[in-house]
Amino acid sequence: MHELSVTQSIVEACLKKAGGAPVLRVTVEIGTLCCVMPDALWFCYDVVTTGTSLEGSELVIVRIPGRTRCRDCGDDIAMHDLLSRCPCGSDNLEAPQGGDELRIKSMEIEETA
Amino acid sequence: MCTTCGCSKHAHAWVTDLATGKVTAIVEPVDHDHARIDHRHTHPTHHHAHPHDHSDSPAHDHSPNRPHTSGTTIDLEQEVLAKNNRLAERNRGWLEGRNILALNLVSSPGAGKTQLLERTIHDLQNSVPISVVEGDQETVFDAERIGATGCRVVQVNTGTGCHLDASMLARALTALNPPRDSLVMVENVGNLVCPALFDLGEQAKVAILSVTEGTDKPLKYPHMFRASSLMVVNKIDLLPYVDFDLDACIAFARKVNPDIDVIPLSATRGDGLDRWYAWLNARLTALFETAS
């Protein structure tokens, strides 16, 4: 399950940046055409963060759809998976743009009084 | 995996050099220690909401049972796979500097990667030096098969891991020490999902699919076929005995990747191997001409 490696990378990067401060929330952007499953990330996140300053923090996943253009009707459409069709019924689509994001956007750390 | 926190600190892959028997562990550096901090959050039961929001705006998924408490926001804007991608670029430069063509062979277990390699080494090793990196969770069986051809080979065992990553290939290349102006074949762990995401620094991924696996496989595992430059359809000698539609399979692969090359072949009987060798030779020639 590659989501474990992906989660380890996210947690390593956040721990480094947080420098020991308790983390409340981590926001990541995952493109809809990227082969990473949100459910598996959440599952791994709980395992990987246990015993760290990220334990109990929330993982927020923002899905970014890929964009493409239908070669039949000309509409610009969002792609939610690699086998998406245009609402007009056509699957004759241009190569998707974007949707392959896999990025740690930000995190929130607890404010110290 | 480490049972304290789930990190990879105590998990490792290892490289076995078949010629010397030397085994080297690959331990990933981990940045955090295991000091427990003051826990302000209990570990809640997880009922994550993940609405299948098909609006055009980015969906924002988070668990409903965790209230939005505010803290200080720190922007990271960092690629999750930045570390792997940096190492992959380093591998790519290392290979280019030595004028080496490296291919990443990916497939389900049992599609015939090792068989295709054995045959390729047998037929081409007098025209170009070939060496092999074998990836499997456990055992050196495949490396022994490749070693029996007289080819230089190292085995990477990933343990619980389901894919090779760039740091594993870096270690393997150090152990393998392939000659300049040569071909390095990397046989990834048999898995049509995870290896799609991890750049190793190879020049191209080659997806191998066998006719016993089903016509619709490129649609069922689209990420791998999208990431690959070539689809080899192996075991075509079995076409009379299985329900496999070669034309439909190729159409499915081109649906997810319009640019993918396709070569149907039989690694055991030899049909189609000439096209596979021509594909390899074209890439080798292009590489060697660029360097000269």
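Residues numbered from 1 in each chain as written. Chains lettered and ligands numbered in written order. Predicted model: local features only at pLDDT ≥ 70, side-chain atom pairs only at ≥ 80, totals over all residues. Heavy atoms only, no water.

(A) Layout of the overall build of chain A. Within chain A, the secondary structure is distributed over two helices and five strands. The N-to-C order of helical and strand elements in chain A reads α-β-α-β-β-β-β. When burial is assessed residue by residue, chain A has 64% of its 113 residues classed as buried. When contacts within chain A are restricted to residue pairs at least 6 apart in sequence, long-range pairs at least 24 apart make up 71% of them. (Helix = DSSP H or I, 4+ residues; strand = E, 2+ residues; numbered from the N terminus. Buried < 20%, exposed > 50% of the residue type's maximum accessible area, 1.4 Å probe, protein only. Contact = heavy atoms within 4.5 Å.)

(B) Representation of helix 1 (residues 2–18) of chain A in the model. Taking 1.5 Å per residue, 17 residues should reach 24 Å; helix 1 of chain A reaches 24 Å between its end C-alpha atoms and fits that length. Counting buried positions along helix 1 of chain A yields 12 of 17 residues, so the element is predominantly enclosed. Within helix 1 of chain A the residues assigned to the buried category are His2(A), Glu3(A), Val6(A), Thr7(A), Gln8(A), Ile10(A), Val11(A), Glu12(A), Ala13(A), Cys14(A), Leu15(A) and Ala18(A). The elements touched by buried residues of helix 1 of chain A are strand 1 (23–31), helix 2 (38–49) and strand 5 (102–109) of chain A together with strand 4 (72–79) and helix 1 (82–97) of chain B. Just downstream of helix 1 of chain A, Gly19(A) is the residue with a positive phi angle, here 55 degrees. (Expected span 1.5 Å × (residues − 1).)

(C) Layout of the pattern of salt bridges. According to the stated counting rule, one finds 19 salt bridges over all chains in the structure shown. The closest approach of N and O atoms between Lys220(B) and Asp216(B), which form a salt bridge, is 3.8 Å. Classification of Lys220(B) by relative accessible area gives exposed; the value is 52%. The network of salt bridges with shared partners includes Glu29(A), Arg103(A), Lys105(A), Glu77(B) and Glu79(B). (Salt bridge = Lys/Arg side-chain N within 4 Å of Asp/Glu carboxyl O.)

(D) The state of the cysteines, seen in detail. A complete count under the given rule lists zero disulfides over all chains for this structure. The thiol sulfur of Cys44(A) is not disulfide-bonded, and the nearest other cysteine sulfur, from Cys162(B), lies at 9.8 Å. (Disulfide = S-S within 2.5 Å.)

(E) Expanded view of helix 2 of chain A. All names here are of chain A. Helix length check: helix 2, at 12 residues, gives a terminal C-alpha distance of 16 Å against a target of 16 Å (1.5 Å per residue), a fit within 8%. For helix 2, the buried fraction is high: nine of the 12 residues fall into the buried class. Buried within helix 2 we find Pro38, Ala40, Leu41, Trp42, Cys44, Tyr45, Asp46, Val48 and Thr49. Downstream of helix 2 by a residue or two, Gly51 has a phi angle that is positive, lying close to 85 degrees.

(F) Structural detail: the packing of aromatic side chains. Residues and elements named next belong to chain B. Counted according to the given criterion, the structure contains one aromatic pair over all chains. When the ring of Trp276 is compared with that of Trp279, the centres are 6.1 Å apart and the planes differ by 15 degrees; the resulting orientation is stacked. Here Trp276 and its partner Trp279 are both found in helix 8 (residues 273–291), three residues apart, which amounts to about one turn of the helix. Both residues of the pair, Trp276 and Trp279, belong to the buried class. The side chain of Arg98 reaches across the aromatic face of Trp94, ending 3.9 Å from its centre. (Phe/Tyr/Trp six-rings, centres within 6.5 Å; stacked < 30°, edge-to-face > 60°. Lys NZ or Arg CZ within 6 Å of the ring centre and 35° of its normal.)

(G) Layout of the nonpolar core. Core analysis: the largest hydrophobic core is formed by 49 residues, its most contacted members being Val6(A), Val26(A), Leu102(A), Ile104(A), Met107(A), Leu197(B) and Met231(B). With seven residues, helix 1 of chain A is the largest single contributor of residues to this core. Among residues more than four places away in sequence, those in contact with Met231(B) are Ala207(B), Leu209(B), Pro218(B), Phe225(B), Cys249(B), Ile250(B), Ala253(B), Ile260(B), Asp261(B), Val262(B) and Ile263(B). The next biggest cluster of nonpolar side chains, apart from the first, holds 32 residues, and it includes Leu103(B), Leu116(B), Ile130(B) and Ala267(B). (Core = buried A, V, L, I, M, F, W, Y, C linked by side-chain atoms within 4.5 Å.)

(H) Expanded view of the packing of helix 1 of chain A against helix 2 of chain A. All names here are of chain A. Helix 2 packs onto helix 1 with a crossing angle of 55 degrees between their chain directions and a minimal axis gap of 9 Å. When the interaxial angle is binned, helix 1 and helix 2 end up oblique. You can see that helix 1 and helix 2 cross each other, and the crossing is right-handed. Contacts between helix 1 and helix 2 pair Glu3, Leu4, Val6, Thr7, Gln8 and Val11 from the former with Ala40, Leu41, Cys44, Tyr45, Val48 and Thr49 from the latter. Of the residues contributing to the contact of helix 1 with helix 2, the split by class is eight nonpolar, three polar and one charged. (Axes fitted to C-alpha atoms, helices over the stretch in contact; angles between N-to-C directions. Parallel < 35°, antiparallel > 145°, perpendicular 65-115°, else oblique. Left-handed = near helix turned anticlockwise from the far one by under 90°. Nonpolar A, V, L, I, M, F, W, Y, C, P; charged D, E, K, R; others polar.)

(I) Spatial organisation of a nonpolar patch on the surface. Nonpolar side chains collect at one region of the surface, where Met1(A), Phe43(A) and Val47(A) lie side by side and expose about 300 Å² of accessible area between them. On the accessibility criterion, Val47(A) (32% relative accessible area) is partly exposed. (Patch = residues over 30% accessible without salt bridge, like charges linked within 9 Å, V, L, I, M, F, W, Y side chains within 5 Å. Areas by Shrake-Rupley, 256 points an atom, 1.4 Å probe, with all protein chains shown as cover.)

(J) Here's a closer look at the confidence of the model for chain B. With 82% of its residues at a pLDDT of 70 or more, chain B shows a mean pLDDT of 84. Across residues 29–57 of chain B, where pLDDT falls below 50, the model places 65 contacts with residues more than four positions away in sequence or in other chains. (pLDDT = per-residue confidence, 0-100.)

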